[in-house]
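Residues per chain, in single letters:
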Amino acid sequence: IAYNAVGLAGKAYDGAKGQYLKYALSSRNVVSITARERIADINQFLISKESPCKAIWVSDTAVWCSECYNIKRSEKAHVVGINVISEKSLIPYYNETIDPIETYVAIYKSIRSLGYECKFFTNGVPRDMLTVKEILNRLHLCAEDSVLYPSHTMKGSSFVKLLSSMSFIVSSRLHTSIC
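Residues numbered from 1 in each chain as written. Predicted model: local features only at pLDDT ≥ 70, side-chain atom pairs only at ≥ 80, totals over all residues. Heavy atoms only, no water.

1. Points about the overall build of the chain
No. 1: Helix and strand content of the chain: 9 helices and 6 strands.
No. 2: C-alpha atoms of the chain, sized along the principal axes, occupy 60 × 40 × 25 Å.
No. 3: Across the 179 residues of the chain, 35% fall into the buried class.
No. 4: Of the contacts formed within the chain by residues at least 6 apart in sequence, a portion of 67% connects residues at least 24 apart.
No. 5: Total accessible area computed for the chain in this model is approximately 11000 Å², and 55% of it derives from carbon and sulfur atoms. (Helix = DSSP H or I, 4+ residues; strand = E, 2+ residues; numbered from the N terminus. Buried < 20%, exposed > 50% of the residue type's maximum accessible area, 1.4 Å probe, protein only. Contact = heavy atoms within 4.5 Å. Areas by Shrake-Rupley, 256 points an atom, 1.4 Å probe, with all protein chains shown as cover.)

The following block contains the structure:
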């Protein structure tokens, strides 16, 4: 078994998920482990001391995925994409002191005031799409004119193609920013 580009969010080594991951990564059948980040934490908390494999660093595959799919940014792109993440996903980072919906509204208004066309997008997570609807309600916009988002989670090539259709993006989601 080879694990490639393992990621570690927060304290993912705590709790049941962490125990399952430790069990999987520490199996005697594992021959290779690469990780995108936090190598020391992965090796200390998620791989048993008896395991013959330790994680080694590798770049995130998102860095070169556009080359793999042979997708280039459109030179005709004229839309600013605003990547929306569910407000429920963002609230823990703001400690409920900032309204994420109002933050998206302010970003939209700021970009529009500079004369750019804006479109909201997600990678298809249903919870994110509900947040887009709330943003549109507060801005009194209709989805047909203001949104580029799928009705389901996108495949990698489709997501990279969507990103390539934009002049630039505003995002706090890691892989959207990397691509």
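Moving on from the model shown.
2. Description of the nonpolar core
No. 1: Counting 17 residues, the largest nonpolar core has I82, Y104, F120 and I135 as its most contacted members.
No. 2: Elements with a contribution of two residues or more to this core: β4 (79-83), α5 (100-113), β5 (117-121) and α6 (126-139).
No. 3: Apart from residues no more than four positions distant in its own chain, F120 is found in contact with I82, V84, Y104, Y108, V132, I135, L136, L139, S146, V147 and L148.
No. 4: Formed by 12 residues, the second largest nonpolar core is a distinct cluster that contains V6, V30, I33 and I47. (Core = buried A, V, L, I, M, F, W, Y, C linked by side-chain atoms within 4.5 Å.)

3. Quick word on the sheet that holds strand β2 (residues 32-35)
No. 1: Pairing is parallel across the open sheet formed by 3 strands, whose spatial order is β1-β2-β3. Each of the sheet's edge strands pairs with one partner strand only, and the pair in question is β1 (2-6) and β3 (56-57).
No. 2: Pairing of β1 with β2, which is carried by 3 bridges, proceeds in the parallel orientation. Note on β2: the bridge partner recorded for V6 is A35. (Pairing = 2+ DSSP bridges.)

4. Examining the sheet that holds strand β6 (residues 168-170)
No. 1: Read from one edge of the open sheet, 3 strands run β5-β4-β6, paired in parallel fashion. Two strands lie at the open edges of the sheet, namely β5 and β6, each paired on one side alone. Shown here is a sheet whose adjacent strand axes are inclined to one another by a mean of 30°, direction ignored.
No. 2: Sheet topology note: the β4/β5 ladder contains 5 bridges and is parallel. Along β5, the bridge assignment pairs V79 with E117. (Axes fitted to C-alpha atoms, helices over the stretch in contact; angles between N-to-C directions.)

5. Regarding the packing of α5 against α6
No. 1: The contact between α5 and α6 brings their axes to 10 Å, and the two run at 60°. It follows that α5 is oblique to α6 by the angle criterion. Both α5 and α6 take part in a crossing whose hand is right-handed. From α5, I101, E102, Y104, V105, Y108 and K109 reach across to α6, where they touch T131, E134, I135, R138 and L139. (Parallel < 35°, antiparallel > 145°, perpendicular 65-115°, else oblique. Left-handed = near helix turned anticlockwise from the far one by under 90°.)

6. A word on the packing of aromatic side chains
No. 1: Applying the stated criterion to the full structure yields 3 aromatic pairs.
No. 2: The interplanar angle of 85° and the centroid separation of 5.7 Å between the aromatic rings of Y116 and F168 together place this pair among those described as edge-to-face. Linking Y116 in the loop between α5 and β5 with F168 in strand β6, this pair joins segments that are 52 residues apart in sequence.
No. 3: Summarising the aromatic geometry, the rings of F121 and F159 are spaced 6.5 Å apart at their centres and angled 45° between planes, so their arrangement reads as tilted. In this pair, F121 is assigned in strand β5 and F159 in helix α8 (residues 156-164), connecting sequence segments 38 residues apart. Like F121, the residue F159 is buried in the burial classification. (Phe/Tyr/Trp six-rings, centres within 6.5 Å; stacked < 30°, edge-to-face > 60°.)

7. Thoughts on unusual backbone geometry
No. 1: Positive phi is not limited to glycine here, since A5 has a value of about 60°.
No. 2: Looking at where A5 falls in the secondary structure, it is placed in strand β1.
No. 3: Residue A5 is classed as buried on the basis of its relative accessible area of 11%.
No. 4: One non-glycine residue with positive phi stands out, namely N70, at about 55°.
No. 5: One can find N70 in the loop between α3 (65-69) and β4.
No. 6: On the accessibility criterion, N70 (61% relative accessible area) is exposed.

What is shown is where atoms sit, not what they do.
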